[in-house]
Structures are given as structure tokens and as C-alpha cells.
Amino acid sequence: MEFLHSKNIKYFNISALDEAWGIVVTTVGRQLIPPHSSYPLSRHPSSYIFNPDNGRVLKEYQLVYIPEGSGYFESESCKRLKITAGTMILLFPNEWHTYEPDKESGWVEYWVGFRGLHIDNRVKNGFFSPVNPVFHLGFSAAIIGLYEDILNHASEEKAGYQQLISSIVLYILGLVQFMYRNEAFNDSFAVIKINEARAIMKRSIDEAISPKSIADQIGVGYSWFRKMFKKYVDVSPAQYQANLKFLRSRELLDTTDLSITEIAYKLNFESVGKFSTFFNKKEGLSPLQYRKEARNIRKGP
């Protein structure tokens, strides 16, 4: 790849309207670091000045993607790690860090800096952590294409471009989560069994079938099944079944004339009262209130 540094590194002025969007992009760039060259190659504003020997602290997040080459990364919360081709690094605000390519290999790097409530909330809710800032995703033309989209839109600076490129950053973060979690969950036997279990659950929404019975059907121990299911799906088998039952109950309330009592027993609730309590907890309305409101909406003014 050939890079023209002056045209491929950008820093942005941020308006109050941009800030109101909830996430803003502060910088984006790409550069090739050839083998046996000094690092970094480009000059940066004072708040971004970087010396690998001393490291730095930023006031924002950055996603740094290394599609080619190798090197090292270290931060205040993460010990020194070897970086290989296809690695994504998430830098955190107010967190000391340093990284650099190997002299023998050099590397290609893409980065985008950003800040805002949208990413703060994702960190607060545990999706990302300074303790685990490195994601081994492999080479991804899709990710490179997203960085290139940000660069292209930033170059044109059309009205609303900040809202567009900051939304691309959120997409990249979602892609990182998706790719990393599926790559990390490399037990194909477990995935096969979990998918078998989910298929059984979807076929038996109207039946009283326990998670233990499902584990027996797919030929695995219940303890292992519950642990692996929650790890992969994020909820327990029983919670997953409850969510399916809730979606089915809304469908029946929306699309049939079955009474609340008939729906309750169709879905194998012990009583209408237990069905109403279950539905109210999920929806914030009783089944009857939900049906009335849904039908009023369909009728219109």
C-alpha cells in the first residue's frame, strides 16, 4: 500500500451540534511504517505527540487497527503484549499506553479517535475495559473499508459528515464485539449443541419443557449446558425460553382473538394470574391493557 501522510491524517474541529449527537470523531488516519524506519513517521498536534519510549495519555478513545506487520503494545492496565497482523487496539482516555512496530517488519496502521456518551456507556456496561484492550480479529477487508469510508467522508466535509463518520465508529465497535466473541468461542461442539437447544426451544414455546430436559435431548450434562449456553448467548437457558414465551404471547395478543385465559393455558402457565404477572413484568402492562393499546394504535385517530 502507498500512503501520503499529509492527506491521510486528519484532525477535526467539533461543534456543539456535533457534541449533541453523543459521539464525535476527533481524528482519523492511516500510515505505512516500513521496516527499519523511525516511529512515528508523521508530526501530530501537541495533544497527540507520541514517543514509544515514554508513551502518552490521550483525552479520548482511539481504535488502532494493524492489518499488516507486528509489534508491541503496553498500557497502564495491560502488560506488554505482542501485536500481530489483524489486531485491533482500543486506547482509553486518561490511560497511559505505548505501542510500536517491530523494526524488522514495520506495520500498517489505521486509527480513529472519538469521544462521547455512547462509548462511555458501553465501557460503563462492561463491553470494553482497559484491562482487555487488545482484540485479535485477523485481517478484515470490511474493517479497512470502514476506516477508508471515514477518511473519504472526512475529506469531503459535507454537512452532517460528523454524524455519519461517528456512526461508522459505533459500527466498527459492534463489529469488533461480534468478531472477537465469535472467534474467542472456538468450541464448535458447544456452538452446535447450543444451536440444537435453541432450535428445540423455538419449536416448543407452547410446551412445558425444562432446560434440563433439553440438555438430555441434545446429549449433554445440564451443568455444562447451562454454563456454555449463558456464556455464548448472555442469558441462561430458562431466561432465553422466557423471552421466547413473552414474544409468542405478544404475537397471540396482537394477531388472534384468543382470550387472555386461552393464551395463558396455551403457553402452559399454571394460571391466568401467573401469566399476567409474567407479562406485566416484561412489558409494563397487563395482557389486556397491551391488547387494547395495540388495537387502538392500529385503528388510528
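As a reminder, the structure under discussion sits directly above these lines.
In what follows, the accompanying structure is described. This structure is a prediction, so every number in the text was calculated from the model and none was measured.

All right, on to the packing of helix H5 (residues 188-203) against helix H8 (residues 237-255) then. Two numbers describe how H5 lies on H8: the axes approach to 10 Å, and their chain directions differ by 35°. Note on packing geometry: the crossing formed by H5 with H8 is right-handed. Residue-level contacts link Arg198, Met201 and Lys202 of H5 to Pro237, Tyr240, Gln241 and Leu244 of H8. Each residue belonging to the contact of H5 with H8 can be placed in one class, and the counts come to four nonpolar, one polar and two charged.

Turning to the sheet that holds strand S2 (residues 24-33), a few remarks are in order. Within a sheet, each strand pairs with its neighbour through backbone hydrogen bonds, oriented either parallel or antiparallel. In spatial order, the strands read S1-S2-S8-S3-S6-S9; together these six strands make up an open sheet with antiparallel pairing. Strands with a single pairing partner mark the edges of an open sheet, and in this sheet they are strand S1 (9-11) and strand S9 (134-136). With strand direction ignored, the average angle separating the axes of adjacent strands in the sheet is 15°. Note: strand S6 (residues 87-91) against S9, three bridges, orientation antiparallel. By the bridge assignment, Met88 is partnered in S9 with Phe135.

All right, on to the pattern of salt bridges then. Counted under the stated rule, the structure contains twelve salt bridges. Arg181 serves as the salt-bridge partner of Asp234, at 2.9 Å between the closest nitrogen and oxygen. Separated by 53 residues along the polypeptide, Asp234 in the loop between helix H7 (222-233) and H8 and Arg181 in helix H4 (residues 161-184) bring together distant segments of the chain. Residue classification places Asp234 among the partly exposed residues on the basis of a relative accessible area of 48%. Note on Arg181: relative accessible area 33%, which makes it partly exposed. The shortest N-O distance in the salt bridge between Glu251 and Arg248 comes to 3.4 Å. In this pair, Glu251 and Arg248 are both assigned in helix H8, three residues apart and thus about one turn of the helix distant. Linked through salt bridges whose partners overlap, the residues forming this network are Asp206, Arg248, Glu251 and Lys266.

With antiparallel pairing, the three strands of this open sheet are ordered in space as S5-S4-S7. Each having just a single partner strand, strand S5 (81-83) and strand S7 (97-101) make up the two edges of the open sheet. Neighbouring strand axes in the sheet, compared pairwise and without regard to direction, differ in orientation by 20° on average. In this sheet, S5 lies alongside strand S4 (residues 71-75) in antiparallel orientation, the contact comprising three bridges. Across the sheet, residue Gly71 finds its bridge partner in S5, namely Ile83.

Counting through the fold element by element, Asn8 comes out in the segment before S1. The buried category is assigned to Asn8, whose relative accessible area is 7%.

Right, let's talk about the side chain of Asp102 for a bit. When you line up the elements, Asp102 lands in the loop between S7 and strand S8 (107-115). Its relative accessible area of 16% is what places Asp102 among the buried residues. A polar contact is formed between the side chain of Asp102 and the side chain of Lys82, at a distance of 2.5 Å. Non-local contacts of Asp102, meaning those with residues more than four positions away in its chain, are made with Ser70, Gly71, Tyr72 and Lys82.

Bringing the pairing of S6 into the picture now. Counting buried residues along S6, five of its five residues qualify, which places the element largely inside the surrounding structure. Burial along S6 is two-sided: Thr87, Ile89 and Leu91 facing one way and Met88 and Leu90 facing the other are all buried. With five bridges connecting them, strand S3 (residues 61-69) and S6 associate as antiparallel partners. Counterpart to Tyr65 in the pairing with S6 is Met88.

Each regular strand shows side chains that alternate between the opposite faces of the sheet. Where burial is concerned, most of S2 is hidden: nine out of the ten residues are buried. Alignment of S1 against S2, held across three bridges, turns out to be antiparallel. Note on S2: the bridge partner recorded for Lys10 is Val28. The pairing of S2 with S8 spans nine bridges and is classified as antiparallel.

What follows concerns the packing of H5 against H7. Contact pair H5 / H7: the axes reach a minimum separation of 10 Å and the direction vectors enclose 90°. The orientation of H5 relative to H7 falls into the category roughly perpendicular. For the pair H5 and H7, contact is made by Phe189, Ala190, Val191, Lys193, Ile194, Ala197, Arg198 and Met201 and by Trp224, Phe225, Met228, Phe229, Tyr232 and Val233, respectively. Looking at the contact of H5 with H7 residue by residue, the class counts come to twelve nonpolar, no polar and two charged.

About the criteria used
- Residues numbered from 1 in each chain as written.
- Predicted model: local features only at pLDDT ≥ 70, side-chain atom pairs only at ≥ 80, totals over all residues.
- Heavy atoms only, no water.
- Axes fitted to C-alpha atoms, helices over the stretch in contact; angles between N-to-C directions.
- Helix = DSSP H or I, 4+ residues; strand = E, 2+ residues; numbered from the N terminus.
- Left-handed = near helix turned anticlockwise from the far one by under 90°.
- Contact = heavy atoms within 4.5 Å.
- Nonpolar A, V, L, I, M, F, W, Y, C, P; charged D, E, K, R; others polar.
- Pairing = 2+ DSSP bridges.
- Salt bridge = Lys/Arg side-chain N within 4 Å of Asp/Glu carboxyl O.
- Buried < 20%, exposed > 50% of the residue type's maximum accessible area, 1.4 Å probe, protein only.
- Polar contact = N/O pair within 3.5 Å; in protein donor to acceptor, adjacent residues only side chain to side chain.
- Parallel < 35°, antiparallel > 145°, perpendicular 65-115°, else oblique.

From the geometry alone we can't say anything about function, so treat these as descriptive.
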